[in-house]
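# Structure at a glance
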Amino acid sequence: QNKYRFWSALLGMSDPLPHQMTDTATNMQLTKLNLKMGENLLEYQVVTSSGSIVSTDATIFMLNNTQKFVVSDIDGTVTRSNIRGLLLPALGISDWKHDGVVQLYSKIADQGYKIIYLTSRAIGQSESTREYLFNLREKGGFRMPVGPVMMQVNSIIDTVKTEVIDQDPEVQKIAKLARVRGLFASNPLFAGYGNQDSDIIAYKALNIDLDRIFRMNEESEITTLGSGVQQNFSQHIQDVDTIYPKLN
């Protein structure tokens, strides 16, 4: 099947034909959805060659054009390890996360920032990934704030190839973040959290301030890329009001 290209949709050209695939909605398609501000639920349906219907749930966010985003990797950033953070939740072990990450992101969201969860996981893992993320809780009533989850639109095998063989996941991450930035008059990407070189490369490529790029390690230490200052989660949480001025 032919793909309906991103730029065709973004520039408002004609809608894709029924046989064309696209991961970018046109203005006309978005208008038909009657979206409300904030999170909107939708369902994708695909008719297979045998005539059966396969469906999956998704979310689409309509946000103000002044919205600011904080980007976070998932595996190794929300979780304490890339591989174990991916596998252990699948085995029902959900607490392989940094202690304090839910409180941190919750407080950032309270300041008016929207969290974008950016991952190299395959789109086939979207349901399990959202279920894992948005069921995370911490003492004090903190819960992981809901936000867009941006994944690879590839198979799990292709995702492994990107991570292990090609070793260039930053290419996909830069492409996705560039599309978000392109929707706004000024750069909406305010800060970024990651644990790998690919995360840092992507954030720097999108011109996020070096003093708002934060790298986490397995010991739950957070290092500011610009200043080199290292903090634990408690210390970083205390600085949220300074790092993230309240948005109207």
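Residues numbered from 1 in each chain as written. Predicted model: local features only at pLDDT ≥ 70, side-chain atom pairs only at ≥ 80, totals over all residues. Heavy atoms only, no water.

### Looking at the packing of aromatic side chains
Basically, it comes down to this: In this analysis, rings of Phe, Tyr and Trp, with Trp reduced to its six-membered ring, are considered paired at centre separations within 6.5 Å, and the interplanar angle assigns stacked below 30 degrees, edge-to-face beyond 60, and tilted for intermediate values. The helix count covers DSSP runs of H or I at least four residues long, the strand count covers runs of E at least two residues long, and both are numbered beginning at the N terminus. When the NZ atom of lysine or the CZ atom of arginine is within 6 Å of a ring's centre and also within 35 degrees of its normal, the charge is said to sit over that ring.
A full pass over the atoms with the stated rule returns seven aromatic pairs. Relative to Tyr193, the ring of Tyr105 has its centre 5.6 Å away and its plane inclined at 55 degrees; by these criteria the two rings are tilted. With a gap of 88 residues between them, Tyr105 in helix α4 (residues 101–110) and Tyr193 in strand β8 (residues 189–194) connect regions that are remote in the sequence. An aromatic cluster is built from Tyr105, Tyr193 and Phe214, whose rings are joined through pairwise contacts. Over the aromatic face of Phe190 sits the side chain of Arg212, whose NZ or CZ is 3.9 Å from the ring centroid.

### Some remarks on the pattern of salt bridges
Test applied: Salt bridge, as used here: a side-chain nitrogen of Lys or Arg that lies within 4 Å of a carboxyl oxygen of Asp or Glu. Burial classes follow relative accessibility: with a 1.4 Å probe on protein chains only, a residue under 20% of its type's maximum area counts as buried, one over 50% as exposed, and anything between as partly exposed.
Counted according to the given criterion, the structure contains four salt bridges. A salt bridge links Glu138 to Lys97, with the nearest nitrogen and oxygen atoms 2.7 Å apart. With Glu138 in strand β5 (residues 137–138) and Lys97 in the loop between α3 (82–90) and α4, this residue pair connects regions lying 41 residues apart in the sequence. Residue class for Lys97 comes out buried when judged on its relative accessible area of 8%. We note a salt bridge from Arg215 to Asp197, for which the minimum N-O separation is 2.8 Å. Taken together, the residues Arg215 in strand β9 (residues 213–216) and Asp197 in helix α8 (residues 197–205) connect sequence positions 18 residues apart.

### Examining the sheet that holds strand β10 (residues 221–224)
Quick note on the threshold: A pair of strands is considered paired only if DSSP assigns at least 2 bridges between the two. Axis definition: a line fitted to C-alpha atoms, over the contacting stretch in the case of helices. Angles run 0 to 180 degrees between N-to-C directions.
Across the sheet, seven strands lie side by side as β7-β4-β3-β8-β9-β10-β11; this open sheet has mixed pairing. Each having just a single partner strand, β7 (149–152) and β11 (230–232) make up the two edges of the open sheet. Recorded for the sheet is a direction-independent mean angle of 25 degrees between the axes of neighbouring strands. Bridge count for strand β3 (residues 69–73) against strand β4 (residues 114–122) is five bridges, and the pairing is parallel. Each residue of the ladder has a partner; that of Val71, found in β4, is Ile116.

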